[in-house]
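Okay, here's what each chain looks like letter by letter:
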Amino acid sequence: LITAEQLMSMLRGVDLLQCVNSYEDYEAKLLYIRHTLYLAAKNNEPDILTNILFIISQTFPQNKLAEILHYEEEKSLLDYCFENNDMEGCKGLLKFGVYIPDDFKAKPLLMILRGVDLLQCMNSYENDEAKFLYIRHTLFIAAKNNEPYILKKVCFIISQTIPQEKIAEILHYRIENDLLFGKIPLSFCNENDDRAGCSELLRLETDIHEDMQSGLTYLKKNLSKGPQMHFIIETFPIFYQETSCLPVRLKTSIVVVIELGVFSYALTAYDLSSDFQLLQEYSKFDEFMVNCSSFAMFEAAGIGQTYQNAWIITLIIILLSLGAYAFNVIFAKVPHWLSVYCGTDSKFGRMAARITKIFLFPFIHMWNTVVHHTSEKKTKHQETQLQLDNSWKQTKLFEQGIENTGQLLLSLWTLRHLTPCIMQSGWKQLMNDSFVGIGSILSFGISYEANGIQLTLGKIIITYFSLSFSLAMMKGDKMGLDFGAKLSRVIPIFLSFLSMILTRLIMFFCLVFLNAYSWKYWTFGLAHLIFVSMIILLFETSSSDLQFKSGRKNLQVLALKIFFGALRIFSSLFFLSSSPNPDKEKHTFISQSLYCLLLLIENLMVVVPTMFYPDSYPSFVSDVSSTLVVIVCVGWAFSVICQVLYYTRCHHWKGINGPTKEGNALLIKSRMIWKENVITFNAFRCCTEGYSRMVKGSETEELHRQREEDQEDI
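Residues numbered from 1 in each chain as written. Predicted model: local features only at pLDDT ≥ 70, side-chain atom pairs only at ≥ 80, totals over all residues. Heavy atoms only, no water.

Visitor: How should I be thinking about the overall build of the protein chain in this particular structure?
Guide: Helix and strand counts for the protein chain stand at 33 helices and three strands. Put simply, the protein chain has 714 residues, and 45% of those count as buried. A fraction of 70% describes how many contacts in the protein chain between residues 6 or more apart in sequence connect residues 24 or more apart. Accessible surface computed for the protein chain: about 39200 Å², of which carbon and sulfur atoms make up 61%. (Helix = DSSP H or I, 4+ residues; strand = E, 2+ residues; numbered from the N terminus. Buried < 20%, exposed > 50% of the residue type's maximum accessible area, 1.4 Å probe, protein only. Contact = heavy atoms within 4.5 Å. Areas by Shrake-Rupley, 256 points an atom, 1.4 Å probe, with all protein chains shown as cover.)

Next up, the structure:
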């Protein structure tokens, strides 16, 4: 006549520990406590369940817990608690190491398990084999149900407590066609797009496989397809020491010679050699008139003065480039062996060391790079390496800003007289002349003999690609990346520079042939100078940068700021370089965006008039005006797309580049001239507040007008 619920309510006031102790036989105590535990779980009595679990933990040894907690009648204890929505009961059972079933209950139970001490759960089993089985089951359940936090804790427990020879039995355990053990845990993480879980399991995989080849072979055979497949294959070899048939120092030396020697120093040397070749050609400009009569020229009367000016400007550019190289190199740190050889005790010895360093700097830089990369104590050479890298980067920046930019514009300007002849000969002849000029420059005039027109065309193309490639490599030159990774990462930004520089060359081409006096260059240059200066000053300068303090060191810093500022302004005809201060926190999204917008406006303001004012341009320009406008617009759009692709997919800080979205806020970081520190503002809020002020202003006027009408009525 009395139901189970009534009996359970009576049991709430009973001392259960006294009830257990009323049995003398230990087996009877176990049967009583297990029977009562199942009744409490089945009838949803969380207080009694908690009390019984406490009694179990205090009175029964660990080897008897499995007989109590893992005994199953119709359902398990965990099933009863879950059906009754007794989460505290589930948590109490999970603390004793109860297995989580592989069904719909796994996900919510795993959420409870996040706050449970898994090591304590595993230690609730006295037998090592039982501990082993529990941790393996938990690992598979966590991997299958995409629980990276639990997976990380399980992997840590495995690495700290499980013997190395037993780890393979956990990670590689597999039963064909089984729902839980049918795949290895790494396959579950791969399918669930869990990169953090893949990283943790890959660390354990390196403890199993002695070499990289055996590990990759196993993964190829057992790994299922998933979104993290590429990450796993690329990351796994990183945990192993790189092996090669070549000695490490020899392999590093080959890479450094190719990267620094060929793609950096050799390109700079070719640029200077081509400048010397052009200098010789400018001094004897008569050769430029091959197959071109004076009647077919543009402004033929001024050709002599043009090439005389070009000779002077080229000489100045060469001297400035050599001076910038010597200036940057001479203040770099002198290597110890050179100091010992020259002797730094005397003033003459120190001067000899610095002069010697000017000629040996490329070899010093490459040698120190090899030593730094192959040394076990890289910190010892880190400071010297950074100083050498910075000295060369500043030299390259000057070369790109003055030498390459200046020569590109100068070559276009000098060719203006011969442009009608070049365009009349057709595109096929133009390409042929360009290739002859490139071959002559690259072979130093040995394999190909080129006239002045061909040399100038070759110089334009070489400088165009060299400038784009150098800028791209400077963007991708980051620590920790090998040469192949750098080349693959800079492809989008290289295409971006190619497109953007092409649009600027077309713009300058149209500016050159505008029927106006030389004031057109000064007007355009002054306007560009003002707008770029405003962008840099407003959005890349803080109030502390404008504070001047007396002192020799501060004067040097101020002089360098002015020098690099002027260099950035000049080079900004083609690109806007970053701030040379490595300690300054850079947030250039606004400045770079405004700069790209400025380039588009300048390009359109110069190129579009060729369509509407054809009389102001020669016929060979106005005839292709629509084509030039299309190329400028498409090239600019393509350049911006490639730039966005680079900064969001290939850049090393791609995770934090540009605006960040938090809820309904679009956060942008930038420097402001009136602020000392970097500020963060919400772009959406700025737009909505501006709109609100406009609406509020119109509403205020309406209310004021209504009040005046009411006053008149009164």
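Visitor: Before we go on, may I ask you to explain the pattern of salt bridges in this structure?
Guide: Once the charged atoms of two side chains with opposite charge are near each other, the side chains can pair. The final tally for this structure, using the stated rule, is 10 salt bridges. Across the pair Asp 79 and Lys 105 runs a salt bridge whose closest N-O atoms are separated by 3.3 Å. Residue Asp 79 is located in helix α6 (residues 77-83), and its partner Lys 105 is located in the loop between α7 (87-95) and α8 (106-113); the two are separated by 26 residues in the primary sequence. Both residues of the pair, Asp 79 and Lys 105, belong to the buried class. Across the pair Arg 174 and Glu 176 runs a salt bridge whose closest N-O atoms are separated by 4.0 Å. A relative accessible area of 34% means that Arg 174 is categorised as partly exposed. Exposure remark for Glu 176: the relative accessible area of 57% places this residue in the exposed category. One continuous salt-bridge network, built from bridges that share partners, spans Asp 79, Asp 103 and Lys 105. (Salt bridge = Lys/Arg side-chain N within 4 Å of Asp/Glu carboxyl O.)

Visitor: Which parts of the structure should I look at to understand the packing of aromatic side chains?
Guide: What describes a pair of aromatic rings is the distance from one ring centre to the other and the angle between the planes of the rings. If you walk through the whole model with that rule in mind, you get 13 aromatic pairs. Considering the side-chain rings of Tyr 464 and Phe 465, the 5.1 Å spacing of their centres and the 65° angle between planes classify their relative orientation as edge-to-face. For Tyr 464, a relative accessible area of 13% corresponds to the buried category. By relative accessible area, which is 41% here, Phe 465 ends up partly exposed. Three or more aromatic residues joined by ring pairs make a cluster, and in this case those are Phe 140, Tyr 173 and Phe 181. The ring of Tyr 173 carries Arg 136 above its face, with NZ or CZ at 3.6 Å from the centroid. Residue placement shows Arg 136 over the ring face of Phe 181; its charged tip is 5.8 Å from the ring centre. (Phe/Tyr/Trp six-rings, centres within 6.5 Å; stacked < 30°, edge-to-face > 60°. Lys NZ or Arg CZ within 6 Å of the ring centre and 35° of its normal.)

Visitor: For this particular structure, what's the right way to read the packing of helix α26 (residues 491-512) against helix α32 (residues 625-650)?
Guide: To characterise two packed helices, one gives the angle between the axes of the helices and the distance between these axes. Interaxial distance between α26 and α32 falls to 7 Å at its minimum, and their mutual angle equals 155°. In this view, α26 runs roughly antiparallel relative to α32, as classed from their interaxial angle. Every pair of crossing elements has a handedness; the one defined by α26 and α32 is left-handed. When α26 is examined against α32, the residues Pro 492, Ile 493, Leu 495, Ser 496, Ser 499, Met 500, Leu 502, Thr 503, Ile 506 and Cys 510 are found in contact with a partner set consisting of Leu 628, Ile 631, Val 632, Gly 635, Trp 636, Phe 638, Ser 639, Cys 642, Gln 643, Leu 645, Tyr 646 and Cys 650. (Axes fitted to C-alpha atoms, helices over the stretch in contact; angles between N-to-C directions. Parallel < 35°, antiparallel > 145°, perpendicular 65-115°, else oblique. Left-handed = near helix turned anticlockwise from the far one by under 90°.)

Visitor: I tried to follow the packing of α26 against helix α27 (residues 519-539) on my own but got confused; where do I start?
Guide: Running from N to C, α26 and α27 cross one another at 145°; their axes reach a closest spacing of 10 Å. Crossing of α26 against α27: the hand is right-handed. Contacts between α26 and α27 involve Arg 504, Met 507, Phe 508, Leu 511 and Val 512 from the first element and Lys 520, Tyr 521, Phe 524 and His 528 from the second.

Visitor: Before we go on, may I ask you to explain helix α12 (residues 164-171) in this structure?
Guide: Note on helix geometry: an α-helix contains 3.6 residues per turn, so any two residues three or four positions apart are oriented the same way. Within the span of α12, buried status applies to Ile 167, Ile 170 and Leu 171. Within α12, the buried residues cover an arc of 85° as seen down the axis, which keeps them to one side. In this structure, the buried side of α12 is in contact with α10 (128-144), α11 (148-161), α13 (185-191), α14 (195-208) and α15 (212-222). (Arc of directions from axis to C-beta.)

Visitor: Can you help me understand empty space enclosed by the protein in this one?
Guide: Rolled over the atoms, a probe with the dimensions of a water molecule shows which regions are left empty. Enumeration according to the criterion identifies three cavities of 30 Å³ or more in this entry. One number sums up the size of the second largest cavity: a volume of about 50 Å³. Lining of the second largest cavity is provided by Val 98, Tyr 99, Ile 100, Leu 110, Leu 113, Tyr 134, His 137, Thr 138 and Ile 141. Breaking the lining of the second largest cavity down by element, the ones donating at least two residues are α8 and α10. It is α10 that contributes the most residues to the lining of the second largest cavity, four residues altogether. Among the residues forming the lining of the second largest cavity, the class breakdown is seven nonpolar, two polar and no charged. (1 Å grid on protein atoms, 1.4 Å probe; cavity = no way out; pocket = protein on both sides within 12 Å on 5 of 7 lines; lining within 4 Å. Points joined across faces, edges and corners; volume = space filled by probe spheres on them. Nonpolar A, V, L, I, M, F, W, Y, C, P; charged D, E, K, R; others polar.)

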